[in-house]
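Summary of the model geometry
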Amino acid sequence: MMTQLKEGEAQQKVQGGKLLFVKLRYDDKISELRILGDFFIYPENALPKIEGALIGMRVDENVHTFLKKICDVARRNGIELIGITPDAIAQTIKMAIK
Amino acid sequence: MKWRVIGLKEHDAYFNMAADEVISNKIAENQALPTIRFYTWKPGAVSIGHFQSMLDEVDVEKCKELGIDYVRRKTGGGAVYHDENGELAYSVIAPEELFTKNIIESYEVICGWIVNAFSTLGIDAQFAPINDIEAGGKKISGNAQSRSRGILLQHGTILYDLNLERMFSVLKVSSEKISDKMIKSAKERVTCVLEHANITREQLYKGLLKSFTEGKDCKFEELSPEEVRMIGDLAQNEYKADKWNFMR
């Protein structure tokens, strides 16, 4: 029997930066995730790479595991974040998981 | 380096966004000079940043009711209301190597052209990182930059006059309905040229044109017929499409 996915969202204004929203659906793992806000990412088409890498991660992972994943993807793809940080994304994901 | 300058024109939101992309591609293919262009938005429009949600940021039904366009930009940044009469916009599109690799520093270079124009018009303004210009501690210009295929695109808006009631009738600053309190709060954060200098929008444009072109070898010309055709196609097929505008 299929379990109903939970939905979560959280936001924060990054200090000295921009607004960051995370919306996600999950059970014991993240099945859908959107990172939204008025920040900048270079190259612009790289955000789905970060989102895609986080899908499938267990929701009970600690913030450092999410942070490491985001940093790995950013480094591998030469992604530059302006107005948000990998740390802020990881924290906001944990906030969105109730 | 020779630059192409396209003087002030009035276009709709979809044309404006498609124009920046087509020009960027032409420059990437060595088929166009680095380009500076000035424009206004008719009808008025809301543009949202690349990574924002249209439905979270914009009251789409209200836009339809008021005849205001809505479009997603290729650049990041926030949602902006582009008033038909209260704003002047620019785009700078050029090979990245003409600017510093550091993105914030390159914002400062181009925003510096606006600050310089303001100075000649008697407005004391400063670059406010990451991507704003402030006068008297309030935002007077917002700017957004993308880099793709070796091309830097920075576009931005200069607030000439404010229509906060209209602005907040289409922007969802909060889920609450527009209130006097919210407008007061925005007035504390946003300003416009007319609050600092009694000049026409034409005078503002002339000041910006002089500052943006200063020290550059400039050729004033229009978009080519081929560019206009390509822009029309891209506007219709991508920037007007729900698939693009509602992708987040």
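Let us look at the structure shown here. (Residues numbered from 1 in each chain as written. Chains lettered and ligands numbered in written order. Predicted model: local features only at pLDDT ≥ 70, side-chain atom pairs only at ≥ 80, totals over all residues. Heavy atoms only, no water.)

Topic: the overall build of chain A
When you go through chain A residue by residue, the secondary structure sums to three helices and five strands. In chain A, the succession of helices and strands from N to C terminus is β-β-β-β-α-α-β-α. The C-alpha atoms of chain A give a radius of gyration of 13 Å, which matches the 13 Å a tight globule of 98 residues would have. For chain A, the C-alpha atoms occupy an extent of roughly 40 × 25 × 25 Å along the three principal directions. Looking at the 98 residues of chain A, the share that counts as buried comes to 48%. In chain A, the share of contacts with a sequence separation of at least 24, taken over all contacts with a separation of at least 6, comes to 50%. Looking at chain A as shown, the accessible area adds up to about 5200 Å², and 52% of this sits on carbon and sulfur atoms. For chain A, the centre of its 15 positive side-chain charges and the centre of its 13 negative side-chain charges are spaced 2 Å apart. (Helix = DSSP H or I, 4+ residues; strand = E, 2+ residues; numbered from the N terminus. Rg over C-alpha atoms; globule rule 2.2 N^0.38 Å. Buried < 20%, exposed > 50% of the residue type's maximum accessible area, 1.4 Å probe, protein only. Contact = heavy atoms within 4.5 Å. Areas by Shrake-Rupley, 256 points an atom, 1.4 Å probe, with all protein chains shown as cover. Lys, Arg positive; Asp, Glu negative; His and termini not counted. Charge placed at Lys NZ, Arg CZ, Asp CG, Glu CD.)

A few points about the nonpolar core
Membership of the largest hydrophobic core comes to 42 residues, with the highest contact counts inside it found for B:Phe38, B:Val92, B:Phe118, B:Val193, B:Leu204, B:Leu208 and B:Phe212. The leading source of residues in this core is helix α4 (residues 103–120) of chain B, at nine residues. By size, the runner-up hydrophobic cluster in this structure holds 32 residues, among which are A:Leu20, A:Tyr26, A:Leu47 and A:Val59. (Core = buried A, V, L, I, M, F, W, Y, C linked by side-chain atoms within 4.5 Å.)

Let's talk about the side chain of B:Thr35
Residue and element names in this part refer to chain B. Tracing the backbone shows Thr35 in strand β2 (residues 35–41). We classify Thr35 as buried; its relative accessible area is 0%. Reaching out from Thr35, the side chain makes a polar contact with the side chain of Arg4 at a distance of 3.1 Å. (Polar contact = N/O pair within 3.5 Å; in protein donor to acceptor, adjacent residues only side chain to side chain.)

Looking at the packing of aromatic side chains
Residues and elements named next belong to chain B. Under the counting rule described, the total for this entry stands at 11 aromatic pairs over all chains. Both rings, one in Phe38 and one in Phe212, keep their centres 5.2 Å apart while their planes meet at 65°; by these two values the pair is edge-to-face. Residue Phe38 is located in strand β2, and its partner Phe212 is located in helix α7 (residues 201–213); the two are separated by 174 residues in the primary sequence. Residue class for Phe212 comes out buried when judged on its relative accessible area of 0%. Geometrically, the ring pair formed by Trp113 and Phe212 is edge-to-face, given 5.3 Å between the ring centres and 70° between the ring planes. Placement of Trp113 in helix α4 and of Phe212 in helix α7 is noted, with a sequence separation of 99 residues between them. Pairwise contacts between aromatic rings join Phe38, Tyr90, Phe99, Trp113, Tyr205 and Phe212 into one cluster. The ring of Trp3 carries the charged tip of Lys216 above its face, separated from the ring centre by 5.7 Å. (Phe/Tyr/Trp six-rings, centres within 6.5 Å; stacked < 30°, edge-to-face > 60°. Lys NZ or Arg CZ within 6 Å of the ring centre and 35° of its normal.)

Details of the pattern of salt bridges
It is possible for side chains of opposite charge to pair when their charged atoms get near one another. Tallied over the full model, the rule gives 24 salt bridges over all chains. A salt bridge links B:Arg248 to A:Glu51, with the shortest nitrogen-to-oxygen separation between them at 2.8 Å. Within this pair, whereas B:Arg248 is found in the segment after α9 (242–245), its partner A:Glu51 is found in helix α1 (residues 47–54), the two belonging to separate chains. Here B:Glu221 ties to B:Lys219 by a salt bridge, and the two come within 3.5 Å at their closest N and O atoms. On the basis of relative accessibility, which here comes to 29%, the residue B:Glu221 falls in the partly exposed class. Overall, B:Lys219 belongs to the partly exposed group, its relative accessible area being 36%. Connected via shared salt-bridge partners are A:Glu7, A:Arg25 and A:Glu32. (Salt bridge = Lys/Arg side-chain N within 4 Å of Asp/Glu carboxyl O.)

Points about helix α2 (residues 63–77) of chain A
All names here are of chain A. Taking 1.5 Å per residue as the helical rise, α2 with its 15 residues ought to reach 21 Å, and the 21 Å between its terminal C-alpha atoms agrees with that figure. Among the residues making up α2, those that are buried are Phe66, Leu67, Ile70, Asp72, Val73 and Ala74. Gly78 occupies a position one or two residues after α2 and carries a positive phi of about 60°. (Expected span 1.5 Å × (residues − 1).)

Thoughts on the sheet that holds strand β2 (residues 19–26) of chain A
Sheet strands pair by backbone hydrogen bonding; their relative direction is either parallel or antiparallel. Residue and element names in this part refer to chain A. Strand order in the open sheet made by the three strands is β1-β2-β3, with antiparallel pairing throughout. The outermost strands of the open sheet, each flanked by one partner alone, are β1 (6–13) and β3 (30–37). Taking the axes of each pair of neighbouring strands and ignoring which way they run, one obtains an average angle of 15° across the sheet. Of the pairings in the sheet, the one linking β1 to β2 comprises eight bridges and is antiparallel in character. Pairing of Lys13 across the sheet is with Leu19, part of β2. (Pairing = 2+ DSSP bridges. Axes fitted to C-alpha atoms, helices over the stretch in contact; angles between N-to-C directions.)

Some details on the sheet that holds strand β5 (residues 80–82) of chain B
All names here are of chain B. Read from one edge of the open sheet, three strands run β4-β3-β5, paired in mixed fashion. Every other strand in the sheet has two partners, leaving β4 (69–72) and β5 as the edge strands with one partner each. Across the sheet, the axes of successive neighbouring strands diverge by a mean angle of 20°, strand direction being ignored. Inspection of the sheet shows strand β3 (residues 45–48) paired to β4 by four bridges, in the parallel sense.

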